[in-house]
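Given next are the chains, with one letter for each unit.
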Amino acid sequence: MTRIQEPACLDTARRMVRTPVPVSTDIHPTGQVGISYAFWPSPQRSVLPPVVMIHGFDSSCLEFRRLGSRLAERGIDTYAVDLLGWGFTQLDGTNFSAQAKIEALQSFLKTVVGKDYILAGASLGGAAAIEVASINESCRGLVLIDAQGFVDGIGPMAAMPKPIAKLGVGVLKSIPLRSSANQMSYYDKVTYATDEAVTVGRVHCLQEGWSDALVSFMQSGGFSPSSKIPKIQAPTLVLWGRQDGILDGAEFAPKFLESLPDARLQWIEECGHVPHLEQPDQTADAILAFAKETVGSFSDIVSINNNQKLYPFGLALFGVVAGSAAVNFLPLF
């Protein structure tokens, strides 16, 4: 772990904070939970809505370490947020269902980001972004990155008894399984499917409470985005890695174009399932062009609250483990 050297990883780790956001008491008895995220402010005054990026299944905001800085350099304030129960969010609650994740995400958007933003969801994070965009007028634009939108739920694991589900969940943090999923995620496997990627892709699994949180999500049945897609009014950019070996763009990308009222498709060449990691410059350019052409400027400039609570062990933990790609395990269910 001490060999991790990627500057973008270390930079993202140092930016990570955890802040409390209000939620209903059936999610946490205190009425709030801690949500972890990273923020890249644009060096110049931003005239575009901020981009809020949502990671894939059982991943973290470290997944966007290469894209966040590139969007900021292009003049867009950028956030990467952990979904409740994943990444490095608070894990001592009792409800980490799909609905709890959406409620906490909406609370984060209202509490931290403010009015008007562009949502960008990758893989299963696309399902979460669809759920929010379908009911929230503050979403000025939607970016779907190799997104899950037409596969509802998580299959038979939702019906498993909790003890059996917990045993199954334990396999997800194994090095062989993470290595296999890592290999599936990239077109250029030699460059990107590294041992470091496996290390950071599983480190959050070692936190106390991780397995219970994941079982809670599974037994909730997962997200159900397909029926919400036609309800989205925000302009949408569908980005897809041309060589995605996990979600076939030739099958799913046209469905988004047919179902969304206002959508356009852009392929990312020489790229697998994670364009934001494998082709971050192409991805950032596409998002910038989309924002300029369809979303336009906005007047509310978002700023970070200086009193937000620093994630208590974030700098120590993330400084050690940052440096590799998080992986989406959707096809493993």
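This text follows the structure it describes.
All of the points below concern the structure found in this document. The structure presented is a predicted model; accordingly, all values stated were derived computationally and were not measured.

Parameters and conventions
- Residues numbered from 1 in each chain as written.
- Predicted model: local features only at pLDDT ≥ 70, side-chain atom pairs only at ≥ 80, totals over all residues.
- Heavy atoms only, no water.
- Phe/Tyr/Trp six-rings, centres within 6.5 Å; stacked < 30°, edge-to-face > 60°.
- Helix = DSSP H or I, 4+ residues; strand = E, 2+ residues; numbered from the N terminus.
- Buried < 20%, exposed > 50% of the residue type's maximum accessible area, 1.4 Å probe, protein only.
- Lys NZ or Arg CZ within 6 Å of the ring centre and 35° of its normal.
- Core = buried A, V, L, I, M, F, W, Y, C linked by side-chain atoms within 4.5 Å.
- Contact = heavy atoms within 4.5 Å.
- Pairing = 2+ DSSP bridges.
- Axes fitted to C-alpha atoms, helices over the stretch in contact; angles between N-to-C directions.
- Salt bridge = Lys/Arg side-chain N within 4 Å of Asp/Glu carboxyl O.
- Right-handed = clockwise from strand over helix to strand, strands pointing away.

1. Some remarks on the packing of aromatic side chains
Remark: the centre distance and the inter-plane angle together describe each pair of aromatic rings, the angle taken between the planes.
And then number 1: Summed over all chains, the structure comprises 11 aromatic pairs.
And then number 2: With a centroid separation of 4.9 Å and 65° between ring planes, the pair formed by W86 and F217 is classed as edge-to-face. Within this pair, whereas W86 is found in the loop between strand 4 (78–81) and helix 3 (98–113), its partner F217 is found in helix 9 (residues 210–219), the two being separated by 131 residues in sequence.
And then number 3: Residue F217 is classed as buried on the basis of its relative accessible area, which comes to 1%.
And then number 4: Taking the ring centre of W86 as reference, the NZ or CZ of K101 above it sits at 4.3 Å.
And then number 5: Looking at K255, its charged tip hangs above the ring of F150, at a distance of 5.8 Å from the centre.

2. Structural notes on the nonpolar core
And then number 1: In terms of nonpolar packing, the biggest core is built from 60 residues, with V52, F108, L109, L119, F217 and F256 touching the most fellow members.
And then number 2: By residue number, the principal contributor to this core is helix 3, which donates nine residues.
And then number 3: The contact partners of V52, leaving out residues within four places of it in the chain, are Y79, V81, F108, L109, V113, Y117, I118, L119 and A120.
And then number 4: The next biggest cluster of nonpolar side chains, apart from the first, holds 33 residues, and it includes A72, I76, A122 and L288.

3. Quick look at the sheet that holds strand 8 (residues 263–268)
And then number 1: Pairing in this open sheet of eight strands is mixed, and the strands run 1-2-4-3-5-6-7-8 from one edge to the other. Either end of the sheet is taken by a strand with one partner, and the two such strands are strand 1 (17–22) and strand 8. On average, each strand axis in the sheet is inclined to that of its neighbour by 25°, with strand direction left out of account.
And then number 2: Relative to strand 4, strand 3 (residues 51–54) runs parallel, the two being bridged by four bridges. Bridged to V52 within strand 4 is Y79.
And then number 3: Sheet strands touched by helix 12 (residues 280–295): strand 3, strand 5 (117–122), strand 6 (139–145), strand 7 (236–241) and strand 8. Its angle to strand 7, the strand with the most contacts, is close to 165°.

4. Quick notes on the pattern of salt bridges
And then number 1: Under the counting rule described, the total for this entry stands at 10 salt bridges.
And then number 2: As a salt-bridge pair, R66 and E6 come within 2.8 Å of each other at their nearest N and O atoms. Here R66, found in helix 2 (residues 65–73), pairs with E6, found in the segment before helix 1 (7–15); they are 60 residues apart in sequence, far enough to count as distant. The residues R66 and E6 share a single accessibility class, namely buried.
And then number 3: Ionic contacts of the salt-bridge type, sharing partners, join the residues R70, R74, D281 and D285 into one network.

5. Examining the pairing of strand 3
Within a regular strand, side chains alternate between the sheet's two faces.
And then number 1: The two faces of strand 3 match: V51 and M53 on one face and V52 and I54 on the other face are all buried.
And then number 2: Handedness of the crossover is the feature at issue here: the chain leaves strand 3, passes through helix 2, returns alongside strand 4, and the resulting connection is right-handed.
And then number 3: Both strand 3 and strand 5 contribute to a ladder of four bridges, which runs parallel. In the sheet register, V52 faces strand 5, and the bridge partner there is L119.

6. Observations regarding the environment of I76
And then number 1: Within the secondary structure, I76 sits in the loop between helix 2 and strand 4.
And then number 2: Taking the C-alpha atoms as reference points, I76 and P41, 35 residues apart in sequence, are found 7.3 Å from one another.
And then number 3: Look past the residues within four positions of I76 in its chain and what remains in contact with it is W40, S42, S46, L48, P49, P50, V51, L71 and L288.

7. Digging into helix 4 (residues 124–133)
And then number 1: For helix 4, a buried count of 10 out of 10 residues is recorded, marking the element as mostly surrounded by other parts of the structure.
And then number 2: By the burial criterion, the buried members of helix 4 are L124, G125, G126, A127, A128, A129, I130, E131, V132 and A133.
And then number 3: Buried residues in helix 4 make contact with strand 3, helix 3, strand 5, strand 6, helix 9 and helix 10 (249–259).

8. So, the side chain of S107
And then number 1: Assignment of secondary structure puts S107 in helix 3.
And then number 2: Relative accessible area serves as the criterion here: at 9%, S107 is assigned to the buried category.
And then number 3: With near-sequence residues (within four places) excluded, S107 lies in contact with V21 and P22.

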